[in-house]
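Next come the chains, spelled out residue by residue.
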Amino acid sequence: MSKLYTFLKYFFISFWTVFVVAPFLWAVSTSFKDFQSVNSKVTYIPWLDFEPTLEGWRVLIKSPAKGGVDIVEPYFNSIFVTCTASLISIVLGTLAAYALSRFTFKAGFVRNNDITFFFISQRIMPPIVLSIPFFIFLSTIGLLDSLLGLVVVYIVLLMPIAVWIMVDFFNRVPKELDETALIDGCNPYQAFYKVVLPNSIPGLIVAGMFCIIFGWIDFFFAFILTFTEVQLLPVKVVALNSSITPWWSLSASALVSVAPLIIVAFIVERYLSKGNLSGALK
Amino acid sequence: MNLIGEKISYKPDEQFHLNDVSFNFKKGNLYTILGRTLSGKTTLLKTIAGLLNPDQGSISFEEKDFIKIPVWERNVAMVYQQFINYPHLNVYENITFPLEQRKLSPEQIKKDVDEALKTVGLVGFENRKIQELSGGQQQRVALARSLAKKAKILLLDEPLVNLDYKLREQLREEFKRIFSEGLSQDTILIYSTTDPQEVMELNGEVIVLDEGKVLQKGPAKEIFENPSNLKVAEISNDPPMNVLKGSKNSKNLNFENISLEIPNHFKNLEDRDYNFGIRASEIKLDENGEEFEIELAEISGSETLLHLKRGNSKIIALIEEVMNFKIHEKVKINFNANKFYAFGEDEKLVSSPYGGTNG
């Protein structure tokens, strides 16, 4: 029984690993191919099956005038928008979550839980519902097709995630910890940043990770709210897929765009395994 | 110069958490608040600390209106029943935290912290992480932090309740030592607990609290000997004092078809119906005694608790040896009539074997 279980376990793990990793390997190998190697026949192994070339990677940094696709600028745009929006979302979201976790709000029939749900409901709603209001809103305030406009929209998208994760986290931090800080001579602000915040680092990391992931992978709003002035990476990558698809540079740009998330995952994974996340506070 | 509370009420919802509580705590004294869970002990301590504001009533300390002073300026210390320390700081930093908050000089801080560590017996643990400590050690850190502050009001909210039996015994002994040695005559110590034994051992002034109301105040001995009513008798004894509905006539005490000779301290009592009270430890197994049926027998340490039944009366007897009984078995027991309490039908104390309120 247990042997069968072990076998099945490793079988499914292996299967899933291949399922997930194979497309990556495929993209890696394709990014080094040229037109011939992609279109003539199925090729797998560099030097044996095909002669590898860096052309697919080179066009990524060439300006369009010289026949390149130049993803450098969209790349930095994406980093700027994602990081700024994530940072602001985390700061505001954490403060909101702390308030929702510690204080009691009453307004008519509205209670803390209703406010929390209101935040979460922003994510439950299909994004397409928001597209037209956002478009009109940004064009009214003149931020259509600008980085700042995207940051504003992304904060709306990311802050619910931060609030959701941090409310749950703060609810698990005993209230007595804040009270002890107050008794020990901290005013409420000091209690928050001297005691509660340092003990919330695991929660902040998780919330930050989710914000960065959801900000980075968003295509829909980046596509709708920008035209020519500003382009974000996902839009640029998808735009490569035109009538004649340059599979090699498309693969290269896809790899470049997932790279930051893989790096983030590696860093965060280390933190998550170091401090047991939920058991950090008893 | 005392800590005085007057007519404090706190009613955040339908129920009173504190109902018309008054007290006058003097410096250099130990006060214990005895009450069952949800009796308002924690609420009272939090009100004194300033974490809760009462709906009514006033608190003053050193002639100042305490309610107007925010928590962080009150100079109180509190130890919770959960072991609350700052998880991101090590033992030493945990204890220095309130001192640094008060901006004391580094030399003063070092001196106070070393002293506190010595008092609670945690010298050598300075650089340990809180998570690496056992429950008892964590509670010692919390206590050390409170002691190092040299606060004028020290609040301990059931500090031993979450510890295992052995550790509780040990720490209780140490608490007694710390309270007598480690505290200045300037400090008011307020200790809340559900455990009557702790109250007796700490031997301070007791306030018995139930459903937010003060039932009785007085020295521990007085509460033990002369509980003012049935509720206090129940709360201040573990197991709770047995109550037997019965009556007294000119010759005997009668309850459940049992007649006992009238003890001396009942001689002057009016002949009528009473609630008789008798402690579990004053009931002995006796071949010539009265027959009761065993409902449950639990062995606790070196003692056996017998839950007995006869007619409508259920009582608990504490047998001071480990014995095995079968459920529904009949046993014969004897009551020590000299230790009988008499409570009126209004549940108030009428007569006690220690000479309280004699009718």
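Since the structure is predicted, the reported quantities are computational estimates derived from the model, not experimental observations.

Chemist: Can you explain the overall build of chain B? Please cite residues and give values.
Modeler: A tally of helices and strands in chain B yields eight helices and 20 strands. C-alpha extents for chain B along the principal axes are approximately 75 × 45 × 35 Å. Here chain B, with 359 residues, has 42% of them falling under the buried criterion. Across chain B, contacts joining residues at least 24 apart in sequence account for 66% of those joining residues at least 6 apart.

Chemist: Summarise the packing of helix α5 (residues 112-124) of chain A against helix α7 (residues 147-172) of chain A; cite the residues concerned and give the values.
Modeler: Residues and elements named next belong to chain A. Relative to each other, α5 and α7 sit at 135°, their axes nearing to 8 Å. On the basis of their axis angle, the class for α5 and α7 is oblique. As for the relative orientation of α5 and α7, their crossing is left-handed in sense. Listed contacts from α7 to Thr116, Phe119, Ile120, Gln122 and Arg123 of α5 are Val156, Pro160, Ile161, Val163, Trp164 and Val167. Here the residues of the contact of α5 with α7 are counted per class, giving eight nonpolar, two polar and one charged.

Chemist: How would you explain the sheet that holds strand β18 (residues 330-335) of chain B if you had to name every residue and give the values?
Modeler: Residues and elements named next belong to chain B. Strand order in the open sheet formed by four strands is β17-β16-β15-β18, with antiparallel pairing between adjacent strands. Unpaired on one side and paired on the other, β17 (313-319) and β18 mark the two borders of the sheet. Ignoring strand direction, the axes of neighbouring strands in this sheet form an average angle of 50°. Inspection of the sheet shows strand β16 (residues 303-310) paired to β17 by seven bridges, in the antiparallel sense. When the bridges of β17 are listed, Leu306 appears paired with Ala317.

Chemist: I'd like to hear about helix α10 (residues 201-217) of chain A, residue by residue, with values.
Modeler: Each full turn of the α-helix corresponds to 3.6 residues, which orients residues three or four apart in the same direction. End to end, α10(A) covers 24 Å across 17 residues, agreeing with the expected 24 Å (1.5 Å per residue, within 8%). Those residues of α10(A) that sit buried are Gly203(A), Val206(A), Ala207(A), Gly208(A), Met209(A), Cys211(A), Ile212(A), Gly215(A) and Trp216(A).

Chemist: An account of the domain arrangement of chain A is requested, with residue identities and associated values reported.
Modeler: Residues and elements named next belong to chain A. According to the domain assignment, chain A consists of domain 1 (2-53) and domain 2 (72-280). If you average the C-alpha positions of domain 1 and of domain 2, the two centres end up 33 Å apart. Taken together, the seven residues of domain 1 in the interface contact six residues of domain 2. Take the side of domain 1 that touches domain 2: its biggest share by element is four residues, from helix α1 (residues 2-31). Of the residues assigned to the side of domain 1 that touches domain 2, the class counts are three nonpolar, two polar and two charged.

Chemist: Tell me about the interface of chain A and chain B, and name the residues and values.
Modeler: Contacts between the two partners involve 16 residues from chain A, matched on the other side by 17 residues from chain B. The element that contributes the greatest number of residues to the side of chain A that touches chain B is helix α8 (residues 175-183) of chain A, accounting for six residues.

Chemist: Can you break down the packing of helix α2 (residues 91-101) of chain B against helix α4 (residues 135-148) of chain B residue by residue, with the values?
Modeler: All names here are of chain B. Where α2 contacts α4, the two axes come as close as 8 Å, and the packing angle between them is 30°. Regarding the angle of α2 to α4, the classification is roughly parallel. Crossing of α2 against α4: the hand is right-handed. Judged by residue contacts, Val91, Asn94, Ile95, Phe97, Pro98 and Leu99 of α2 engage Val141, Ala144, Arg145 and Ala148 from α4. Its residues assigned to classes, the contact of α2 with α4 shows eight nonpolar, one polar and one charged.

Chemist: Describe the sheet that holds strand β13 (residues 258-261) of chain B, with residues and values.
Modeler: Residue and element names in this part refer to chain B. A sheet is described by the order of its strands in space; here six strands give the open sequence β13-β12-β11-β14-β19-β20, paired in antiparallel fashion. The open sheet has two free edges, formed respectively by β13 and β20 (349-351), since each of these has just one partner strand. If you compare each strand with its neighbour and ignore which way they point, the axes differ by 40° on average. Relative to strand β12 (residues 252-255), strand β11 (residues 242-248) runs antiparallel, the two being bridged by two bridges. Paired with Ser247 across the strands is Asn254, a residue of β12.

Chemist: So, the domain arrangement of chain B: which residues are in play, and what are the values?
Modeler: Residue and element names in this part refer to chain B. As far as domains go, chain B holds domain 1 (3-227) and domain 2 (234-351). Between the C-alpha centres of domain 1 and domain 2 there is a distance of 36 Å. Taken together, the twelve residues of domain 1 in the interface contact five residues of domain 2. Those elements that place two or more of their residues in the side of domain 1 that touches domain 2 are α6 (196-202), β9 (205-210) and α7 (220-225).

Chemist: Summarise the nonpolar core; cite the residues concerned and give the values.
Modeler: Ranked by internal contacts, the top residues of the largest apolar core, which has 142 residues, are Ala162(A), Ala144(B) and Leu155(B). In this view, Ala162(A) contacts Ser89(A), Ile90(A), Gly93(A), Thr94(A), Ala207(A) and Cys211(A); residues no more than four positions away in its chain are not counted. Residues Leu160(B), Leu163(B), Leu171(B) and Phe175(B) belong to the second largest nonpolar core, which totals five residues.

Chemist: Could you give me a rundown of the pairing of strand β14 (residues 273-278) of chain B, with the residues and numbers involved?
Modeler: Residues and elements named next belong to chain B. Most of β14 is tucked away: five of the six residues are buried. Two strands pair when backbone bridges link them, and β14 and strand β19 (residues 341-343) are joined in this way by three bridges, in the antiparallel orientation. When the sheet's bridge partners are listed, Gly277 is paired in β19 with Tyr341.

Chemist: Please give an account of the confidence of the model for chain B that cites residues and values.
Modeler: Residue and element names in this part refer to chain B. Mean pLDDT over chain B: 88, with 99% of residues reaching 70 or higher. For chain B, helix α5 (residues 165-181) is the element with the lowest average pLDDT, namely 81, and β9 is the one with the highest, namely 93. Among the scores for the predicted complex, ipTM is 0.84 and pTM is 0.81.

What counts and how
Residues numbered from 1 in each chain as written. Chains lettered and ligands numbered in written order. Predicted model: local features only at pLDDT ≥ 70, side-chain atom pairs only at ≥ 80, totals over all residues. Helix = DSSP H or I, 4+ residues; strand = E, 2+ residues; numbered from the N terminus. Buried ≥ 20, exposed ≤ 12 C-beta atoms within 10 Å, placed from the backbone. Contact = placed C-beta atoms within 7 Å. Axes fitted to C-alpha atoms, helices over the stretch in contact; angles between N-to-C directions. Parallel < 35°, antiparallel > 145°, perpendicular 65-115°, else oblique. Left-handed = near helix turned anticlockwise from the far one by under 90°. Nonpolar A, V, L, I, M, F, W, Y, C, P; charged D, E, K, R; others polar. Pairing = 2+ DSSP bridges. Expected span 1.5 Å × (residues − 1). Domains from an automatic or database assignment. Core = buried A, V, L, I, M, F, W, Y, C linked by C-beta atoms within 7 Å. pLDDT = per-residue confidence, 0-100.

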